[in-house]
Amino acid sequence: MSQSVQKSVRTTCPYCGVGCGINVTHHADGMQFQGDESHPANFGRLCSKGASVGETLSLENRLLYPLLQDEQVTMDVALDAVAAGLQQTIAEHGPDAVAFYLSGQLLTEDYYVANKLMKGFIGSANVDTNSRLCMSSSVAGHKRAFGSDTVPGNYEDLEQADLIVLVGSNLAWCHPVLFQRISAARERNPALKIVVIDPRRTATCELADLHLALRPGSDTALFNGLLVYLAAQGQLDQAYIEAHTEGFAQTLQQARNDVADVAAAAQRCGLTALQLEHFYQWFAVTERTVTVYSQGVNQSSFGTDKVNTIINSHLATGRIGRPGMGPFSVTGQPNAMGGREVGGLATMLAAHMDFSAEDIDRVGRFWGASTLASKPGLKAVELFQAVADGRIKALWIMGTNPAVSLPDADTVRAALKTCPLVIVSEVNQNTDTAAYADILLPALAWGEKDGTVTNSERRISRQRAFLPAPGQARPDWWLVSQVARRLGYADAFAYQAPVDIFREHAALSAFENDGTRDFNLAGLAGIDTAAYADLQPVHWPLTEGATAGQARRFSDGRYYTPTRRARFIAIGQRQPGYAADGDYPLILNTGRVRDQWHTMTRTGKAARLHSHCPEPYAELHPLDATAQDLADGDLVCVSSRWGEIIVRARLTTHQLPGCVFVPMHWSLEYAATACVDAIVNPVVDTVSGQPESKFTPVRITRFEPAWHGFVLSRDPLKLPPVEYRVNVRGNEYWRYELAGLKRLDDALQWSRELVAEYPLAEHRDEPLQWQDFADPGAGHFRSAALRAGRLQLCVCIAPQADKLPPRDWLSGLFEQPAVDRDTRLNLLAGRGSGQSCGGPVVCSCFQVGMNTLIDAIRQQQLLTTEAIGQSLQAGTNCGSCLPELRGLLSQHRRETDNSGQTGKQRAA
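Per chain, residue numbering runs from 1 following the sequence as it is written. Where totals are concerned, whole chains, interfaces and linings use all residues; where local detail is concerned, this predicted model gives features only for residues with pLDDT of at least 70, and gives and counts side-chain atom pairs only at 80 or more. Heavy atoms from the whole structure form the basis of all side-chain values; hydrogens and water molecules are not counted.

A.B. asks: Can you tell me about the sheet that holds strand β18 (residues 459-463), naming the residues and giving the values?
C.D. replies: Strand pairing is assigned whenever DSSP identifies at least 2 bridges connecting the two strands. Each helix is a run of DSSP H or I of at least 4 residues and each strand a run of E of at least 2, with the numbering of both proceeding from the N terminus. Read from one edge to the other, the open sheet built from three strands follows the order β17-β18-β19, with strand pairing classed as antiparallel. Strand pairing shows two members of the sheet lacking a second neighbour, β17 (451-454) and β19 (538-539), which therefore form its edges. Relative to β19, β18 is paired through two bridges, and the arrangement is antiparallel. Note on β19: the bridge partner recorded for Arg459 is His539.

Encoded structure:
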């Protein structure tokens, strides 16, 4: 790469709520992406997704121009149609017939303008966000306990703690940079203890001193038991409780009614009393304790209660607001926190204000909005239920994919199909949700956006654009403002740049704020264009005259309740919305995989991010597999009362018997029948409205197709419908994993039809040269198409999946300039040419497979991750694979120890 640097831009990562800084350097011959060493969230670290973000910037599938009923139109025509549709809906059915559905990937400025138009001028609070699906229980728990949606601590607390408790969080995969910071803290402080509370044994457990594989849904019993134990052992901070809290006596009594002692708590949690007491004792005697929690806590029909039992434990010990301690909610999206600041949830007004008479009056006066919404609107799940039953007739969706991500997704799709007006602001033209749009508006993508985001520790960072806007793509705030002007609100939406919006947002936070509201950006309310352009990462609150934000909250013991005391919340026994039964005996849990993000509209563009988990899967315990006569790798149907999906079975003892885990990412764009939210129940938390994505009763049965196969193609293909299809992007090729119920009577003809509209075929000088092998009686078929000696397409069909040839050898042929005669013969014979298989990819950065790693560990006697890095490079770039490398090392040590013991026994 040329060293002639043109410019460098400091921006933020577009993925999780850690809020990492990224440096984008433009060189004469391209762009370079590196972690920003000066950013206090990551200090230069990046995960596998952040490290590969430069590979996701192509204009492939990009929505570049407005579409009206699938016809390209000018931006003015499209915006006129949006405004006319909204206006007509309001005139005929009232403002509550309109709804906005936003995204934690919008910038704060986008969020602010959308919320202002909907609540302030359309006059309805039917504006919610996909953050409802991941963080609203935490918001509700904070507000119940603290009187405000405030995360008390910051990332430095993770490095100053002596005990870190990770609850319902696979931090190693979902927030890898925070996991790396904890790992580094452990190296500096070997006394640091880490406890993981999670039904699954995840990659995060490789760093844990104790893993509590509790029964799904038993979190409140565990933390009520902790409170009872602390009281019994005399480990309460009575002075703090008396001076700064209220409601303790009732809360402790309720906890005792729920679980009288450690034994009762252990029974409820499916743990031994010894395991639980081990954790309780550590918590009791370790003042510097941080409890990090995430979706395993929040995504529940009683997630708010789970949050409050965690907060109760910290209030009871006075461990809050000081270095190295406190409850810590980590967010799943880059700007879920920013959306909460501006009122992006239907249950709040802007600037952390609520629907009290005083707040309604205050926000209405500030905005000059006489029609300000006077009551909370519909939360996400009920919002789409209102679309389904016809109460909502016009819906504007911005930057999210609810046809994939909402529970009971098939019902959501049906609702979108019948909704009279669906407007979608999007980057990708091919999302599942975009297919239902009457009007599609081209929005800016990550690299083109300019504004701010707020991470999990209340730190505001600048998102700076480093790419020009392609086609007619425009910022979301601009699209909303243009519609607002067409609706007659030009004066209130006269923004010319993001800085105008940010100033107003900061000014509203400070407006009539006498210290009774926690969110306050008074110190930035007068920010000018130059200062905004140069804004450095800063915590809120940043009050008037302050030179820095407040890194920790509640250190003075004063909260935002009417009494200024924190509230203990009494929590009794709760049960999930649906229990397992004879028809649906297993409990489904959903979540993320390491290298993918949401519905893959961005990460799906990076080939190396497909290599770690190329296909959707159901992870289940071998005992449950045996009951259904299932083997590892079998295709299975996972069914619930709401739908069915088809995925691969993965057998592992890391999963509790009776439980199943299925990742959340695969949409119709990448798989035929793997949208897991189609089978997730629509029950929500009665306080927060957050869906119960971690507890749906399901059953698993074998899927028995007539044939299995795969297609490797240099160019993307539009395949005929089959029951099982997964699209996997590779280097120089696409791979399609397939299986069908209908027998392929003529596989040769089927393979030719695949390329009937082969991409760019009209630009090729030479025709495709085909070579085929067929054994119709046995159901085997293999075919290859070459052009100028270079492999273009490969089709393999077999009656059983284990009869198919290895994919990695065949996929490697697409990187070769030509395929020789011997290789062609091997290709048709369905066998490799002697190369060993590297196995499933563990290190995405350097494409190092599990078999390669295991062989190196055994043969070279590698004992540390550093030694693996020196030998194979694995783990030396982003570090996301380090937990798995530690797992392989631990496995090797166990095998070596067992082998040695067996040898001693034989010698005896």
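A.B. asks: Please set out empty space enclosed by the protein residue by residue, giving values where relevant.
C.D. replies: In this analysis, the protein atoms alone were mapped onto a 1 Å grid. Cavities are point sets where a 1.4 Å probe fits without being able to get out; pockets are open sets with protein on both sides within 12 Å along at least five of seven lines; lining residues have an atom within 4 Å of a point. Grid points are joined across faces, edges and corners, and a volume is the space filled by probe spheres set on the points. For the structure on display, the rule yields six cavities of 30 Å³ or more. Size it by volume and the second largest cavity reaches roughly 80 Å³. Taken together, Cys13, Tyr15, Cys16, Val18, Gly19, Cys20, Leu46, Cys47, Gly50, His175, Pro176 and Val177 make up the lining of the second largest cavity. Three categories are distinguished: nonpolar for Ala, Val, Leu, Ile, Met, Phe, Trp, Tyr, Cys and Pro, charged for Asp, Glu, Lys and Arg, and polar for the others, with Gly belonging to the last. Split by residue class, the lining of the second largest cavity holds nine nonpolar, three polar and no charged.

A.B. asks: Quick rundown of the side chain of Asp219? Include the residues and the values.
C.D. replies: Structurally, Asp219 can be placed in helix α8 (residues 219-232). The class of Asp219 is buried, set by a relative accessible area of 7%. Each polar contact in these results corresponds to two N or O atoms within 3.5 Å; when the atoms are within protein, one needs to be able to donate a hydrogen and the other to accept it, and residues that are neighboring in sequence are counted only if both atoms are side-chain atoms. Only 3.3 Å separates the side chain of Asp219 from the side chain of Lys306, close enough to count as a polar contact. We call two residues in contact when some of their heavy atoms are within 4.5 Å. Not counting the four nearest positions on each side in its chain, Asp219 is found in contact with Val167, Leu214, Val297 and Lys306. Partly exposed describes any residue whose relative accessible area lies between the buried limit of under 20% and the exposed limit of over 50%, with all areas from a 1.4 Å probe on protein chains only and scaled to the type maximum.

A.B. asks: Explain helix α20 (residues 476-486) residue by residue, including any values.
C.D. replies: Residues that lie three or four places apart on an α-helix share one face, since the helix turns once every 3.6 residues. Burial analysis of α20 places eight of its eleven residues in the buried class, which makes it a mostly covered element. Turning to α20, its buried residues are Asp476, Trp477, Leu479, Val480, Ser481, Gln482, Val483 and Ala484. On its buried face, α20 is in contact with α2 (75-93), α3 (108-122), β14 (394-398), β15 (421-426), β16 (439-442) and α21 (498-510).

A.B. asks: Give a description of the confidence of the model for the chain that names residues and reports values.
C.D. replies: As a general rule, the predicted coordinates of low-pLDDT regions are not to be interpreted in detail. On average, residues of the chain score 94 in pLDDT, and 97% of them reach the 70 mark or higher. Here residues 901-908 scores under 50 on pLDDT; set against residues more than four positions off or in separate chains, the count is zero contacts. pLDDT measures how confident the predictor is about each residue, on a scale from 0 to 100.

A.B. asks: Quick one: what's the story with the packing of aromatic side chains, residue by residue and with numbers?
C.D. replies: Pairing of aromatic side chains here covers Phe, Tyr and the six-membered ring of Trp, requires ring centres within 6.5 Å, and sorts the geometry by plane angle: under 30 degrees stacked, over 60 edge-to-face, intermediate tilted. Considering all chains together, one arrives at 27 aromatic pairs under this definition. Site record: aromatic cluster; members linked through ring pairs are Phe223, Tyr229, Phe279, Tyr280 and Phe283. Sitting over the ring of Trp282, Lys193 keeps its end group 5.4 Å from the ring centre. Criterion for a charge above a ring: Arg CZ or Lys NZ at most 6 Å from the ring centre, at most 35 degrees from the ring normal. Directly above the aromatic system of Phe302 lies the positively charged group of Lys306, at a separation of 5.1 Å from the ring centroid.

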